[in-house]
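Residue strings, one per chain:
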Amino acid sequence: MKIIEKFMKFIALMLYLILAIIPLYWIIITSVKDIKEVFVFPIKYLPQVISFESYRSLFAFTNFAIYFRNSLMVALTASFGALFITMFSGYAMSRYGFKFKRNILISLFFTQAIPSFLVLVPLYTMFAKAGMLDKLPSLMILYINIMIPFSMIMAKSFFDRIPISLEEAAQVDGCSRLQALFKIVLPLTLPGLSAIFSFCFINTWNELFLAVMFINSDLKMTIPVALNSFISKIGVGWDIMSAGIVISLIPTLIIYAFAQRYIVAGLTGGAVKG
Amino acid sequence: MKKNDNSKIFLIMVLPSLISVILLTFVPFLSSFFIAFQNYNFHDLSNIHFIGFENFQAVFNDVNFNFLRILLNTFLWVIVSLFFQFVLGLGLALLMKKPFKGRGIYSGLVFYPWALSGFAIGLIWAWMFNGQFGIINDILQKIGLIHQNIGFLSDTRYSLMSVIIANIWYGIPFFAIMLLAALQSVPLELYEAAEIDGAGYFIKLFKITIPYIKPVIINTVLLRTIWIINFPEMIYAMTGGGPANSSNILSVQMINKIINFLDFGEGAAIGIMIIIIMSIYIIIYLKIISREELAF
Amino acid sequence: MKRLIIVMLSIFLLLSVLSFSALAAKVELNFIEAYTNPDRKILLKEIISDFEKLHPDIKINLISPPYEQATQKIVLMLSTKQPLDIVEVKADTIGLYVGNNYLLNLESYLAAWSDSKTLLPTVWQLARTVDNTAYVIPSTVYSRTLYYRTDILKELGVDSIPKNIQELFEVCKEITDPLKNQYGFCFRGKNQQIDNIHYLVLPFLDDLDTNNLYRKTNGKVVWDDPRVAEALKLYVRLFKETSPKDSINWGFNEQINAFGAGITPIILQDADFIGACDETIGRDKFMMAPTPVGPYGKVYIIFSFPSLGIVSHSKYKEEAWEFIKYFLSPEVNGYYNKNSSGLPIHSVTFKDDPYFSSGIFSPWAYMMEHPEVYVVGQPPRASPKYAEWMQVSNDDLQSLLLGNMSIEKLMNKWAEYWQ
């Protein structure tokens, strides 16, 4: 009985794996095919020749390296920025009582319900009047703002799990409130903070609509915009599109690989009782 | 903790976040709210004025984008995606609960979809569903399930189903990750006690495991529902809501009205509707679930 | 130490003044395109940099929004008076921009421009689409003509290329053999199916108002005319009997592939099809023929045309015009169209440039010399309903071909829509 069980479990796990990997495999294969092999029937599951022509075109004919750099700058800054701000906010929400605390929490939750596309036009007009269009820092500010609600809620739940007694013990030993925060509490919430950072990075790295509208100059474009611009009047240019998608996956997969355990621990930290 | 400097310190630490959200989310949202009641259309910007509920009426009575169909699609999109994401995610979590060799690498490979952008995933799946060069058509024909290419994304009968399939694939890792961690927190003594009483696998699952991780289930389902309703990028990349409104959902129609028809008033009206529906959902949800079971 | 500081400050001041004056001398123009695609972007940048070499005091920034969001972005930028000088205008947005006073009236500029004398008469007409005033100047013209696989048709024993729509159907039907996976007509079902109707249904009438092809000269809407029913019957037969079933979902890429594979060796397409086929099968395997005419010996040539305009709130109108003059000059325009697979706007280019006057482009010369057969006309593109119409008509046509809507029902629906 046990062997059959194990076997069935193995089959099931393999099925999940195959289903997960197929799209990734397919887009990677498409990106290393010769352009003539892409639109061909019968479909070639294994390329006859491995060709990096699509990648070469991607970097030679578009400014993809610059877009990559822009995306990296924006995503890193926005993620660290959101983390820094919500670190303090989350701590405050966890440790202090305040009359309208619950209202604030519910309002933050409510912001998740607001479609970002809805506020795009008023935001654009606002930034236009302030002369803040076509500037990467403006994009960073917008992204930080988007990430604040969820990050703050998550941060609060991480701090909730740290007993106040630790800080009180440190204060008895002569630490100030702030020192206790940095020396004692933060190190313990590192998994949670990594989770917040990764979550912010992945979301800001992939954001499309705000980037399209708020950035004009070619040299300031981010990757999602660039990928979107490979769709023209005649459809999707699959050679550079697949190469672009593969390249853009790399940072998120790296962050994801390193932070995976933290993400799991962090995300469920506040939700599991007991 | 000193009580008298509570509020001050609290405010200073929370202020940056609050200012940002108020200025960059709530204020524009109020703007949009008013615009929903104006004839804000880029075809004629000289004459913007208050028109009451006309935008809403236009959306309800739209001949080419049947509102009931859009509502139905939205409902199906959320419920079907959610259901399968949850069930398959739970299945995966259950399979992974007991450590096995290579579980670390396995989890990395099987959870990665979560890290991708909805838009890119939409494009990848659109390519797989392609009527001529898509591998889905090819594989289905090779195993004999169909005999002719199906236009998954260009046939009104299959478009909604196709985008939902892509969405399920995208959402399984989220539930699997959350539920796996929750499963790992269930005390083993509970199982041991049940086994002594002769409980089988499914009884253990339904009577012990699921009730114990109920808080996590409640949280993730609530959050996930909100995200899914508001998730237009994948459908936008795959079908744009078409053909003929067959895969259109509220958030995609909102984008459609703004980008293609340049009618921001109607777009805002749809946005308001989305928020109202979500608020009703949240309120009902909160009423059913008692307060303490939420993480807040 | 003091002296060092003074020297450094002076150098700093000098450099600032120099760089400031250098900046002050350079005019920066912002040029936004509406048909972004990676290849054309490189071409545009090349042309821009050549222009900048000739005009060292002008710098041009090319803004390239993704194609699908281009109109929305342009409209947002124009409505909030962002610094924009040159705007590429899609044919169906001219009315929108003019209505909002975003575009400068170019009549006086055109009058003073020597090269305007060689602009094709059609180009003048298209430039004056709105209010019979030139607010834009086309940079390329596209219209549908017939393309066919020379080698495949020869193999199949076809020796005469269809000249009218009936012949088109018959030739395609003759070579269709589903068992051999051989079909005739390369159908496009995915989007903009209305273009098929423009070329395969409208020629069945001879009393159309060329300024609005959806109306007859007696003012009545065209869609409930019995001749349309006759044309639609043939249209449905063309799809059902000469084209593969899944062509109802074919877009541009699928068409290129099917044409390239020889499955459907006859197609009605725009000139940018030529560039795509050059890449996939090579110029020697296909040829163009004039657009097939209808039973009255006429066909309505509907040009789609990207065009350039000057933004009305631009601070550098003269400099913007300098670039437009350069870009639309016969030599540069010819070069541009040669490399972006479009048709140039000057008659001299067709006459003098061997690329455009021979080989695959020669039917064009014939068509332009017979304007009574190849009648230039426009659908009601300026109508605010037109954008929506593209989607509506596409859905209805799909229903028609799938058998879910009768010809009569479609005709009545469309007649009502344009009433």
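As the structure is a prediction and not an experimental result, all values here were calculated from the model. (Residues numbered from 1 in each chain as written. Chains lettered and ligands numbered in written order. Predicted model: local features only at pLDDT ≥ 70, side-chain atom pairs only at ≥ 80, totals over all residues.)

Draft legend 1. Broad picture of the overall build of chain C. Looking only at helices and strands, chain C features 19 helices and twelve strands. Projecting the C-alpha coordinates of chain C onto the three principal axes gives extents of approximately 95 × 45 × 40 Å. Counting every position in chain C, which comprises 419 residues, the buried fraction comes to 44%. Taking the contacts inside chain C whose residues are at least 6 apart along the sequence as the reference set, 76% of them involve residues at least 24 apart. (Helix = DSSP H or I, 4+ residues; strand = E, 2+ residues; numbered from the N terminus. Buried ≥ 20, exposed ≤ 12 C-beta atoms within 10 Å, placed from the backbone. Contact = placed C-beta atoms within 7 Å.)

Draft legend 2. A look at the interface of chain B and chain C. Every contact between the two is made by 17 residues of chain B and, on the other side, 19 residues of chain C. Among the residues forming the side of chain B that touches chain C, the class breakdown is eight nonpolar, eight polar and one charged. (Nonpolar A, V, L, I, M, F, W, Y, C, P; charged D, E, K, R; others polar.)

Draft legend 3. Up close: the domain arrangement of chain C. Residues and elements named next belong to chain C. The domain boundaries assigned to chain C delineate domain 1 (25-141 + 305-345) and domain 2 (145-302 + 363-417). With centres defined by C-alpha atoms, the gap from domain 1 to domain 2 works out at 30 Å. Residue-level contacts link eleven residues of domain 1 with ten residues of domain 2. Here the side of domain 1 that touches domain 2 is built from residues that sort into four nonpolar, six polar and one charged. (Domains from an automatic or database assignment.)

Draft legend 4. Inspection of the domain arrangement of chain A at higher detail. Residues and elements named next belong to chain A. Per the domain assignment, the segments of chain A are domain 1 (1-56) and domain 2 (62-269). Computed over C-alpha atoms only, the centres of domain 1 and domain 2 are separated by 32 Å. Counting residues at the interface gives eight residues for domain 1, matched by seven residues for domain 2. Where the side of domain 1 that touches domain 2 is concerned, the elements lending two or more residues are α1 (2-31), α2 (35-38) and α3 (53-61). If you tally residues by element for the side of domain 1 that touches domain 2, the top one is α1, at four residues. In terms of residue class, the side of domain 1 that touches domain 2 is made up of five nonpolar, three polar and no charged.

Draft legend 5. Inspection of the interface of chain A and chain B at higher detail. Every contact between the two is made by 68 residues of chain A and, on the other side, 64 residues of chain B. Broken down by secondary-structure element, the contributors of at least two residues to the side of chain A that touches chain B are α1, α4 (64-95), α5 (101-111), α6 (120-129), α7 (136-160), α11 (223-228) and α12 (238-269) of chain A. Class assignment for the residues of the side of chain A that touches chain B results in 53 nonpolar, 13 polar and two charged.

Draft legend 6. A look at the sheet that holds strand β2 (residues 58-63) of chain C. Residues and elements named next belong to chain C. What the five strands build is an open sheet, ordered β2-β1-β3-β11-β4; its pairing is mixed. Among the strands making up the open sheet, the edge pair consists of β2 and β4 (137-138). Both strand β1 (residues 27-32) and strand β3 (residues 86-89) contribute to a ladder of two bridges, which runs parallel. Paired with Ile32 across the two strands is Val87, which belongs to β3. (Pairing = 2+ DSSP bridges.)

Draft legend 7. Up close: the confidence of the model for chain A. Per-residue pLDDT for chain A has a mean of 85; in total, 93% of the residues score no lower than 70. Confidence drops under pLDDT 50 across residues 270-274 of chain A; counting only partners more than four residues distant or on other chains, this segment forms 14 contacts. (pLDDT = per-residue confidence, 0-100.)

Draft legend 8. The packing of α1 of chain A against helix α4 (residues 103-111) of chain B, seen in detail. Close contact between α1 of chain A and α4 of chain B brings their axes to 8 Å; oriented N to C, the two are set at 45°. It follows that α1 of chain A is oblique to α4 of chain B by the angle criterion. For the pair formed by α1 of chain A and α4 of chain B, the contact residues are Tyr16, Leu17, Ala20 and Ile21 of chain A on the first element and Tyr106, Leu109 and Val110 of chain B on the second. Of the residues that constitute the contact of α1 of chain A with α4 of chain B, the class distribution is seven nonpolar, no polar and no charged. (Axes fitted to C-alpha atoms, helices over the stretch in contact; angles between N-to-C directions. Parallel < 35°, antiparallel > 145°, perpendicular 65-115°, else oblique.)

Draft legend 9. Quick peek at the pairing of β3 of chain C. All names here are of chain C. A two-sided burial pattern is seen for β3, the buried positions comprising Ile86 and Glu88 on one face and Val87 and Val89 on the other. By the bridge criterion, four bridges tie β3 to strand β11 (residues 307-310) in an arrangement that is antiparallel. Note on β11: the bridge partner recorded for Val89 is Ser307.

Draft legend 10. Representation of the pairing of strand β10 (residues 299-302) of chain C within the structure. Residues and elements named next belong to chain C. Across the two faces of β10 the burial is the same, with Val299 and Ile301 and Tyr300 and Ile302 all buried. As judged from the four bridges shared by β10 and strand β12 (residues 374-377), these two strands associate in the parallel manner. Bridging across to β12, Ile301 finds its partner in Val376.

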